[in-house]
Number of protein chains: 2
Amino acid sequence: MRKNRSPKPPEPCLLTECMQVIAGAWAPNVIWSLRAGPRRFNELKTDIPPVSSKVLSARLSELEERGVLVRHVRPTSPPSVEYELTALGEELIPALEAIVEVGHKLKQLRGYEPASEAAE
Amino acid sequence: MRKNRSPKPPEPCLLTECMQVIAGAWAPNVIWSLRAGPRRFNELKTDIPPVSSKVLSARLSELEERGVLVRHVRPTSPPSVEYELTALGEELIPALEAIVEVGHKLKQLRGYEPASEAAE
DNA sequence: AATCATAGTTACCATTAGAAACCTACTTGT
DNA sequence: ACAAGTAGGTTTCTAATGGTAACTATGATT
């Protein structure tokens with residue numbers, strides 16, 4: 001039996017830990033939408049068209065529990081609610097920026113590697 | 001009715017596109033484990049202890065279809081299978097590094113913000 | 001009084017993930 | 001020869017997650 005040939009990743013857990021903070025459908029998009037400033041529920045819904053109220057609501061609660069964002073209720077006529085990133089939430093932005101960066105490169109490479117669903 | 005107050009994110013879709021490439025349970029960990037070189041099925045399983053064979057197998061198939069990694073079957077005694085990142089797969093590493101970076105900062109901040117599950 | 005907007009909640013169904021057992025081909029031990 | 005072990009999965013079953021659509025409460029507007 002052989003031992004590890006490649007030097008094993010020193011901290012696989014840190015990856016997982018951060019992923020758990022941004023886990024859940026549309027969570028990265030929510031954080032991304034909030035990076036420019038606070039936004040309201042329906043603004044987030046139009047920022048992220050495919051998300052439903054239910055999932056957005058669930059995601060916002062979870063992200064609040066995780067300390068990624070805060071919820072402010074303002075006593076306007078129909079009470080308006082604003083969501084805003086915390087300091088912890090802002091720490092996540094560089095990672096999301098890196099992901100968006102990769103998004104650009106992926107479009108180029110996908111021209112050469114058609115490994116999508118054209119195959120039988 | 002008011003219009004968008006914060007300048008809306010210019011490319012929310014690129015985030016989603018990249019996230020779809022690394023979507024699925026343990027997919028980021030698989031890519032992370034492969035960043036140092038090719039690895040075999042059971043090596044990946046021990047790299048990522050909580051993953052089950054079924055999910056790992058599903059993830060590897062998906063990542064192969066997406067062009068993130070390639071599967072090499074080598075005609076050894078019990079045929080051994082190696083998984084290796086493609087060029088596209090390697091493009092993802094900077095994003096994962098950024099996520100790991102954030103993982104470090106999160107540990108510090110979490111000391112100040114206990115918003116986990118202690119609440120009622 | 002009926003309607004609308006905001007910020008959700010609820011019910012129902014489809015998909016995904018996780019746990020554990022099982023499978024096939026080949027090698028080694030007795 | 002026969003049993004067990006190893007590599008790389010697949011199958012089955014259950015639990016959690018996500019998607020769709022309908023519904024709700026409060027106050028403002030017509």
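Predicted model only: the values in this text are computed from it and were never measured.

Enquirer: Would you mind going over the pairing of strand 3 (residues 80-85) of chain A with me for this structure?
Expert: Regular strands show a simple pattern: their side chains alternate between the two faces of the sheet. Residue and element names in this part refer to chain A. For strand 3, the tally of buried residues reaches five of six residues, placing the bulk of the element in the interior. Strand direction decides the pairing type here: strand 1 (residues 39-40) and strand 3, joined by two bridges, are antiparallel. Opposite R39, over in strand 3, you have Y83 as the bridge partner. Strand direction decides the pairing type here: strand 2 (residues 69-74) and strand 3, joined by six bridges, are antiparallel. From the neighbouring strand, L69 faces strand 3, where its bridge partner is L85. What sits between strand 2 and strand 3 in their antiparallel hairpin is a turn of five residues.

Enquirer: What exactly am I supposed to notice about the environment of S53 of chain B here?
Expert: All names here are of chain B. By secondary structure assignment, the location of S53 is in helix 4 (residues 53-65). Sequence spacing of S53 and N42 is 11 residues, and the spatial spacing of their C-alpha atoms is 8.8 Å. Leaving out residues up to four positions away in the same chain, S53 has contacts with F41 and K45.

Enquirer: Would you mind showing me how to read the nonpolar core here?
Expert: Inside soluble globular proteins, nonpolar side chains tend to come together where they are buried. Counting 66 residues, the largest nonpolar core has L92 of chain A together with L92 of chain B as the members making the most contacts within it. The contacts of L92 of chain A, once residues within four sequence positions are left out, are C18, V21, I22, I31 and V68 of chain A together with V102 and L106 of chain B.

Enquirer: Is there a simple way to think about the sheet that holds strand 1 (residues 39-40) of chain B in this case?
Expert: Residues and elements named next belong to chain B. Pairing is antiparallel across the open sheet formed by three strands, whose spatial order is 1-3-2. Among the strands making up the open sheet, the edge pair consists of strand 1 and strand 2 (69-74). Packed onto the sheet, helix 2 (residues 27-34) meets strand 1, strand 2 and strand 3 (80-85) and runs at close to 95 degrees relative to strand 3.

Enquirer: Sorry, what's going on with the pattern of salt bridges here?
Expert: Close approach of charged atoms allows side chains of opposite charge to pair. One pass over the full model with this rule turns up 10 salt bridges over all chains. Between E62 of chain A and R66 of chain A there is a salt bridge, with the nearest N and O atoms lying 3.2 Å from each other. Overall, R66 of chain A belongs to the partly exposed group, its relative accessible area being 27%. Taking the shortest distance from any N to any O, the salt bridge between K105 of chain A and E91 of chain B comes out at 3.6 Å. Taken together, the residues K105 of chain A in helix 6 (residues 93-112) and E91 of chain B in helix 5 (residues 87-91) connect one chain to another.

Cut-offs applied
Residues numbered from 1 in each chain as written. Chains lettered and ligands numbered in written order. Predicted model: local features only at pLDDT ≥ 70, side-chain atom pairs only at ≥ 80, totals over all residues. Heavy atoms only, no water. Buried < 20%, exposed > 50% of the residue type's maximum accessible area, 1.4 Å probe, protein only. Helix = DSSP H or I, 4+ residues; strand = E, 2+ residues; numbered from the N terminus. Pairing = 2+ DSSP bridges. Contact = heavy atoms within 4.5 Å. Core = buried A, V, L, I, M, F, W, Y, C linked by side-chain atoms within 4.5 Å. Axes fitted to C-alpha atoms, helices over the stretch in contact; angles between N-to-C directions. Salt bridge = Lys/Arg side-chain N within 4 Å of Asp/Glu carboxyl O.

Take it as geometry only, folks, not as evidence of what the structure does.
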